[in-house]
Amino acid sequence: MKKNNLSSALIFLLCFFILTSCKENVKKEAATPVVSTTQPNIVFIYADDLGYGELGAYGATEIKTPNLDKLANNGVKFTNGYATSATCTPSRYALLTGKYPWRNKNAKILPGTAPLIIDTAQATIPKMLKAKGYHTGIVGKWHLGLGSGNVNWNQRISPGPNEVGFDYSNILAATQDRVPTVYIKNGYVENLDPNDPIEVNYQQNFEGEPTGKENPEILNMKWHHGHNNSIVNGIPRIGFMKGGESAKWTDIDMADYFLKDAQQYVKSHKNEPFFLYYALQQPHVPRTPHPRFVGSSGMGPRGDVIVEADWCIGEFIKTLESEGLLENTLIVFSSDNGPVLNDGYFDDAVEKIGKHKPAGVLRGGKYSLFEAGTRVPFFTYWKGHITPHVSDAMISQLDLFNSIASLVGSKEQTQDSKALLDVFLGKTDNGRKELVLEATTRTALRHENWVMIPPYEGPQIAKETQIELANDSIYQLFNLADDIAQKNNLAQSNPEKLQEMITRFEAIRGKDFNNIQQLELK
């Protein structure tokens, strides 16, 4: 009898131990994220007008960006990473299509009423990923046009992001300084009162509507140049707008609004592979930091919104972590073009810059063919899959199309994109050999360490922004290996290299590349 009791007790203890172990294993498995290397989530985080020297990881000492620095320093940080263009719309076009923007004559800075410039039959990254089973979303700035001409903002706006591959879209139509100043979710203006319809016009004002030019007494932000039309939240904008009062955004809440939507997108689609294009509006004008961040940088609103953007990205990463997704998410961070201080408003950006160097060691900035116009912060981060690495490989945002296609097993490729997945993952530094750079329809060539800028008419320095545009009456040739600041024009002293660069350039762009009378070499 005692023997049987002892046996029963041993069996009971053994069963209890097995059951307890199983429960613990189930708990551990539930807390461990499922990692897929064939269909990782993909997130593009895209800053607006953020320069090469703005982040601590890229040498900034006067502004604190701990969240971005952590990602950059634990991923592949590119020192030769480029946007295609020194302005917004063209770069965004290239990012999504893998196609040089100068191939599309409409890919230039657009008004808020411009039609969609991506053909709905055209290949795009979200379309390609949808075909591989991804859910696709965009949250933030669009600025690639909407509709096919005259947009009626009071009904569904189409075509737009949803028609070029995005399952979900929550956007601002153009830029924060342009009308209409409303959010558009899946083609519909958010919170629109049908009894207060929206009207938009970029040529003339609506009768009785105040403007920045005529009513400076009601402004909260003073305009410097080009921003003196309709007033929203005390800020004068580009273009004229009437109606839609309940739909108008609150500028100081914009960063929080898009952050919350990006976080919700992740939570809603965590059980399927997703692609999120999180397009920040910072530090583009008007710079309107939330009161939590006012004074945080000591550089005025421009510095404050960079701190705010860094915080937003930190909060977004926390969401990926808490949802168990960080180890299965490839993050790509970059900017649409280089920096600009005074871009239309008096906001102390120039006066409070101090020792901060937005372009870092580079010359130029937004609108410029010099390096600071298109060379931007650019890094990839994938926890557990990318070994921290600083790469000198030349890469372009163009290359994300073919590289992402390789990652997910798509055979779709585009003409101008290079399949450089191993470069983006830090497995090699063998990047591009050459790249055409663009600034407001002017183009130049980088080949290996050399840059050639053709002669272009126009001012050498933009009057309003004080940025060097790289216009000159003669060819310019620079060796970036020895002269990253582009101070020494070698066109005259090295005519053989200059001619080689011109030949390479014309092979890509054609001989009528700048549509102006070319001057003879001097």
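Residues numbered from 1 in each chain as written. Predicted model: local features only at pLDDT ≥ 70, side-chain atom pairs only at ≥ 80, totals over all residues. Heavy atoms only, no water.

Asks: Just give me the short version of the overall build of the chain, but keep the residues and values in it.
Replies: In terms of helices and strands, the chain carries nine helices and 18 strands. The C-alpha atoms of the chain give a radius of gyration of 25 Å, which matches the 24 Å a tight globule of 522 residues would have. Referenced to the eigenvectors of the C-alpha coordinate spread, the extents of the chain come out at roughly 110 × 65 × 45 Å. Among the 522 residues that make up the chain, the fraction classed as buried is 58%. Averaging the positions of the 53 positive and the 58 negative side-chain charges in the chain gives two centres separated by 6 Å. (Helix = DSSP H or I, 4+ residues; strand = E, 2+ residues; numbered from the N terminus. Rg over C-alpha atoms; globule rule 2.2 N^0.38 Å. Buried < 20%, exposed > 50% of the residue type's maximum accessible area, 1.4 Å probe, protein only. Lys, Arg positive; Asp, Glu negative; His and termini not counted. Charge placed at Lys NZ, Arg CZ, Asp CG, Glu CD.)

Asks: Can you lay out the pattern of salt bridges for me, pointing to particular residues and giving the numbers?
Replies: Considering all chains together, one arrives at 23 salt bridges under this definition. Residues E315 and K318 are paired through a salt bridge, measuring 3.0 Å at the closest nitrogen-oxygen approach. Taken together, the residues span about one helical turn, with E315 and K318 both in helix α6 (residues 301-322) at a distance of three residues. Here R375 makes a salt bridge to E371, at a shortest N to O gap of 2.9 Å. A relative accessible area of 4% places R375 in the buried class. Taken together, the shared-partner salt bridges connect D48, R92, K141 and D336 into one network. (Salt bridge = Lys/Arg side-chain N within 4 Å of Asp/Glu carboxyl O.)

Asks: So what's going on with the confidence of the model for the chain? Which residues, and what values?
Replies: Per-residue confidence for the chain averages 92 on the pLDDT scale, and 91% of its residues sit at or above 70. Across the chain, the secondary-structure element scoring lowest on mean pLDDT is helix α1 (residues 2-31), at 43, and the one scoring highest is strand β11 (residues 274-279), at 99. Low pLDDT (under 50) marks residues 1-36, which in the prediction has eight contacts with non-local residues, meaning those over four places away or in another chain. Ignoring residues within four places in sequence, the model shows residues 515-522, a span with pLDDT below 50, making 16 contacts including any to other chains. (pLDDT = per-residue confidence, 0-100. Contact = heavy atoms within 4.5 Å.)

Asks: Hey, could you go over the side chain of D261 for me, with residue numbers and the actual values?
Replies: On the secondary structure map, D261 appears in helix α5 (residues 254-268). Of the side chains with opposite charge, K185 comes closest to the buried, unpaired D261, at an N-O distance of 4.5 Å. In this structure, D261 is in contact with V139, Y168, N170 and K185, ignoring residues within four places of it in sequence.

Asks: Mind laying out unusual backbone geometry, listing which residues take part and the relevant values?
Replies: Excluding glycine, a negative phi dihedral is what most residues carry, and trans is how most peptide bonds are arranged. Along the chain, S158 connects to P159 via a cis peptide bond; the corresponding omega equals 0 degrees. Tracing the backbone through its elements, the reader meets P159 in the loop between β3 (135-141) and β4 (168-172). The linkage connecting Q282 with the following residue, P283, adopts the cis geometry, with an omega of -5 degrees. Along the chain, P283 falls in the loop between β11 and α6. In this structure, N233 is a non-glycine residue whose phi angle is positive, near 60 degrees.

Asks: Residue-level account of the packing of α5 against α6, with values.
Replies: Between α5 and α6, whose axes approach to 10 Å, the crossing angle comes to 15 degrees. In terms of their interaxial angle, α5 and α6 are classed as roughly parallel. Our pair here, α5 against α6, has a crossing hand that is right-handed. For the pair α5 and α6, the contacting residues are A255, D256, L259, A262, Q263, V266 and K267 in the first and E308, W311, C312, E315, F316, T319 and L320 in the second. Its residues assigned to classes, the contact of α5 with α6 comprises eight nonpolar, two polar and four charged. (Axes fitted to C-alpha atoms, helices over the stretch in contact; angles between N-to-C directions. Parallel < 35°, antiparallel > 145°, perpendicular 65-115°, else oblique. Left-handed = near helix turned anticlockwise from the far one by under 90°. Nonpolar A, V, L, I, M, F, W, Y, C, P; charged D, E, K, R; others polar.)

Asks: Could you give an account of the nonpolar core, naming the residues involved and the relevant values?
Replies: Of all hydrophobic cores here, the largest spans 60 residues; its most connected members are F44, W142 and Y277. In terms of residue count, the dominant contributor to this core is helix α7 (residues 400-408) (six residues). Ignoring sequence-local partners within four residues, the contact set of F44 consists of L95, I125, F275, L276, Y277, Y278, V332, L400 and I404. (Core = buried A, V, L, I, M, F, W, Y, C linked by side-chain atoms within 4.5 Å.)

Asks: Provide a residue-level description of the sheet that holds strand β18 (residues 476-479), including the pertinent values.
Replies: Pairing is antiparallel in the open sheet, where four strands are placed in the order β15-β16-β17-β18. With one partner strand each, in any of the chains shown, β15 (434-439) and β18 form the two edges of the open sheet. For this sheet the average axis-to-axis angle between neighbouring strands, irrespective of direction, equals 20 degrees. Across four bridges, the pairing between strand β17 (residues 450-453) and β18 is antiparallel. By the bridge assignment, M452 is partnered in β18 with L477. Packing of helix α9 (residues 495-509) onto the sheet brings it into contact with β15, β16 (442-447), β17 and β18, and relative to β16 it is tilted by some 120 degrees. (Pairing = 2+ DSSP bridges.)

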